[in-house]
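Letter by letter, the chains look like this.
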Amino acid sequence: MDQETYDKGREIRTAVLGEAYVAQAAGNVDEFTGPFQDLVTEYCWGAVWGRDGLPRKTRSMLNLAMLAVLNRPNELRTHIKGALTNGVTRDEIREIFMQVAVYGGVPAAVDSFRVARAAFDELEQG
């Protein structure tokens, strides 16, 4: 593991998803899942999210579209919250899922709107 890339990844992951989320993920690590969490932190968050080529808002928007099309509701919910942190508006999220409907399929968009509504409700409830 490259410690510098890992540390950068942890910093970005925390900034996007919040300290509570990252602490919970770290708290749930065991011998089986630990190596995977390290991989996610180092490569996803450090090596890719840490690149200068795209702003975090754009990366969040791309993630929402890809996760919607891949039908990954748990990750989608997490990244909706992160997208809001990165400056993506609810209106922009709606437009992303409208685009998903055309290019990824209406069922994927239907589920994405449901997940977004639940994520918005969670955030409003505190």
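Up top you'll find the structure we're talking about.
So, how was this worked out
Residues numbered from 1 in each chain as written. Predicted model: local features only at pLDDT ≥ 70, side-chain atom pairs only at ≥ 80, totals over all residues. Heavy atoms only, no water. Helix = DSSP H or I, 4+ residues; strand = E, 2+ residues; numbered from the N terminus. Buried < 20%, exposed > 50% of the residue type's maximum accessible area, 1.4 Å probe, protein only. Phe/Tyr/Trp six-rings, centres within 6.5 Å; stacked < 30°, edge-to-face > 60°. Axes fitted to C-alpha atoms, helices over the stretch in contact; angles between N-to-C directions. Parallel < 35°, antiparallel > 145°, perpendicular 65-115°, else oblique. Contact = heavy atoms within 4.5 Å. Nonpolar A, V, L, I, M, F, W, Y, C, P; charged D, E, K, R; others polar. Left-handed = near helix turned anticlockwise from the far one by under 90°.

K.L.:
So what exactly am I meant to see when it comes to the environment of Ala109 here?
P.N.:
Tracing the sequence through the fold places Ala109 in helix H7 (residues 106-125). Of the residues examined, Ala109 reaches a relative accessible area of 4% and is grouped as buried. Along the backbone, Ala109 and Ile96 are 13 residues apart, and their C-alpha atoms lie at a distance of 9.1 Å.

K.L.:
When you look at the side chain of Ser60 in this model, what are you seeing that I'm missing?
P.N.:
Tracing the chain through its elements places Ser60 in helix H4 (residues 56-69). For Ser60, a relative accessible area of 1% puts it in the buried group.

K.L.:
Got a minute to help me understand the packing of aromatic side chains in this structure?
P.N.:
We describe a pair of aromatic rings using the distance from one ring centre to the other and the angle between the two ring planes. Counted under the stated rule, the structure contains 2 aromatic pairs. Plain terms: the ring middles of Phe97 and Phe113 are 5.8 Å apart, the flat faces sit at 70° to each other, and that makes the pair edge-to-face. Of this pair, Phe97 sits in helix H6 (residues 90-103) while Phe113 sits in helix H7; the two residues are 16 residues apart in sequence, bridging distant segments of the chain. Assessed through its relative accessible area of 1%, Phe97 is described here as buried.

K.L.:
I keep staring at unusual backbone geometry and nothing clicks. Help me out?
P.N.:
Residues apart from glycine generally show negative phi values, whereas peptide bonds are mostly found in trans. Even without a glycine there, the phi angle at Asn71 is positive, about 55°. One can find Asn71 in the loop between H4 and helix H5 (73-85).

K.L.:
Explanation requested: the packing of helix H1 (residues 3-17) against helix H3 (residues 34-48) in the structure shown.
P.N.:
In a pair of packed helices, the angle between the axes and the distance between the axes together describe the arrangement. Running from N to C, H1 and H3 point in directions that differ by 80°, and their axes come no closer than 7 Å. One element, H1, and the other, H3, form an angle in the roughly perpendicular class. On the side of H1, the interface is formed by Thr5, Tyr6, Lys8, Gly9, Arg10, Ile12, Arg13, Val16 and Leu17, while H3 contributes Gln37, Asp38, Val40, Thr41, Glu42, Trp45, Gly46 and Ala47. Tallied by class, the residues present in the contact of H1 with H3 amount to 7 nonpolar, 5 polar and 5 charged.

K.L.:
Explain the packing of H4 against H6 here, please?
P.N.:
Close contact between H4 and H6 brings their axes to 10 Å; oriented N to C, the two are set at 40°. Our classification of the angle between H4 and H6 gives oblique. In this structure, H4 meets H6 at a crossing whose hand is right-handed. Contact residues: Lys57, Met61, Leu64, Ala65, Ala68 and Val69 in H4; Glu92, Ile93, Ile96, Phe97 and Val100 in H6. The residue makeup of the contact of H4 with H6, split by class, is 9 nonpolar, no polar and 2 charged.

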